[in-house]
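Topology and contacts: notes
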Amino acid sequence: MSTVVARVYIVRHGETDANRQGIVQGQLDTPLNDAGVEQARLAADALEDTPFEVAYSSDLQRARRTAEIILEKHPGVNLETTPALRERYMGDWQGVSIAGRGVPPENTEPTIDFTARSAKWWNEAVLRHAQRKASELQLKLKLAQAQPDVELEFEPVHILAVSHGGLIGTLVTNLLRSRKLRAGEGVVIWRCFNASISVVDLYEDGKGVLVSYADTTHLNVVDMVQENADVARGA
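Conventions adopted
- Residues numbered from 1 in each chain as written.
- Predicted model: local features only at pLDDT ≥ 70, side-chain atom pairs only at ≥ 80, totals over all residues.
- Heavy atoms only, no water.
- UniProt positions renumbered as here; feature names shortened; annotations may be inferred.
- Helix = DSSP H or I, 4+ residues; strand = E, 2+ residues; numbered from the N terminus.
- Buried < 20%, exposed > 50% of the residue type's maximum accessible area, 1.4 Å probe, protein only.
- Phe/Tyr/Trp six-rings, centres within 6.5 Å; stacked < 30°, edge-to-face > 60°.
- Salt bridge = Lys/Arg side-chain N within 4 Å of Asp/Glu carboxyl O.
- Pairing = 2+ DSSP bridges.
- Axes fitted to C-alpha atoms, helices over the stretch in contact; angles between N-to-C directions.
- Contact = heavy atoms within 4.5 Å.
- Expected span 1.5 Å × (residues − 1).
- Polar contact = N/O pair within 3.5 Å; in protein donor to acceptor, adjacent residues only side chain to side chain.

Cross-referencing UniProt, the feature "active site" (unreviewed entry) maps to H13 and E87 in the present numbering. For this annotated set, covering 75 residues, all C-alpha atoms fall within 10.8 Å of each other, a compact arrangement in space. Note that H13 resides in the loop between β1 (4-12) and α1 (17-21). Position of E87 relative to the elements: it lies in the loop between β3 (79-82) and α4 (111-146). Given the relative accessible area of 1%, E87 is considered buried.

Here is the structure:
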């Protein structure tokens, strides 16, 4: 039976005023509103007991601040911000209401580039940690074989990644389509709500399982924004 070597917690940033107003943000650097800060704190509560070793975030402040709030409960874990985890660049649509949109502008980030950007981050960041832990596991298994009386202790690396709804959906969908991941029983790819948490387990054999997607059970918020203007139909 294959062993989990990495567990990735992918969190969407908390709510912004632009989310609430149905305005396309793309790579505009919008802040969390009060509801978004509270959502981030609820996500932090849900992840309080998770032994994070590594944390990544989009460098846009709505994601970065969400990650910072989560990591307040994890002193000593450094946050690495990266433009690779930014939302899709939406060109002339940025700052525009979702209402009445038609054909995406020509200066929108091409889908193929957006998909490649998220996949490159996954391969260079997440898989690097998974491969490191897989090598560590193999060394410990060899030691256990040589010294049967020694109890094998192994803990997967726990990785936090805070990003945006469009990127999270694109990343996960691409990993599933390429069969690098399979969806766990009952897991459905649907809307990625603000401050939702998705979990991926990666095994020593290189395969992975999407354990949950866009879970919001930790949020005691009834009036969540239902539609993401950055990934709405036509984008």
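Summed over the entire model, instances satisfying the criterion amount to four aromatic pairs. Aromatic pair Y9 and F52: ring centres 5.4 Å apart, planes at 85°, arrangement edge-to-face. On the criterion of sequence distance, the pair formed by Y9 in strand β1 and F52 in strand β2 (residues 52-58) is long-range, its members being 43 residues apart. Both residues of the pair, Y9 and F52, belong to the buried class. Ring geometry for W190 versus F193: centroids 6.0 Å apart, planes at 65°, classification edge-to-face. W190 sits in the exposed class, given a relative accessible area of 58%. Taken together, the aromatic side chains of Y56, W121 and W122 make up a single cluster linked through ring pairs.

Attention now moves to the pattern of salt bridges. Two side chains bearing opposite charge may form a pair once their charged atoms approach each other closely. Considering all chains together, one arrives at 13 salt bridges under this definition. R41 is paired through a salt bridge with E72; the nearest N and O atoms lie 3.4 Å apart. Of the two residues, R41 is situated in helix α2 (residues 34-46) and E72 in the loop between α3 (61-71) and β3; the sequence distance between them amounts to 31 residues. Relative accessible area serves as the criterion here: at 47%, E72 is assigned to the partly exposed category.

On the basis of which strands lie adjacent, the open sheet formed by seven strands has the order β3-β2-β4-β1-β6-β7-β5 and mixed pairing. Whereas interior strands pair on both sides, the edge strands pair on one side only; in this sheet they are β3 and β5 (181-183). For this sheet the average axis-to-axis angle between neighbouring strands, irrespective of direction, equals 25°. Pairing of strand β6 (residues 197-203) with strand β7 (residues 208-215), which is carried by five bridges, proceeds in the antiparallel orientation. When the bridges of β7 are listed, I197 appears paired with D215. Across the sheet, α4 touches β1, β2, β3, β4 (157-163) and β6, and the angle it forms with β1 is around 150°.

A few words on α2. Between its first and last C-alpha atoms α2 spans 19 Å; for 13 residues at 1.5 Å apiece the expected length is 18 Å, and the two agree. Turning to α2, the residues buried within the fold contact α3 and β6. By the N-cap criterion, in which a side-chain oxygen at the helix start approaches the backbone nitrogen of a residue two or three places on, α2 is capped by N33, the distance to A35 being 3.2 Å.

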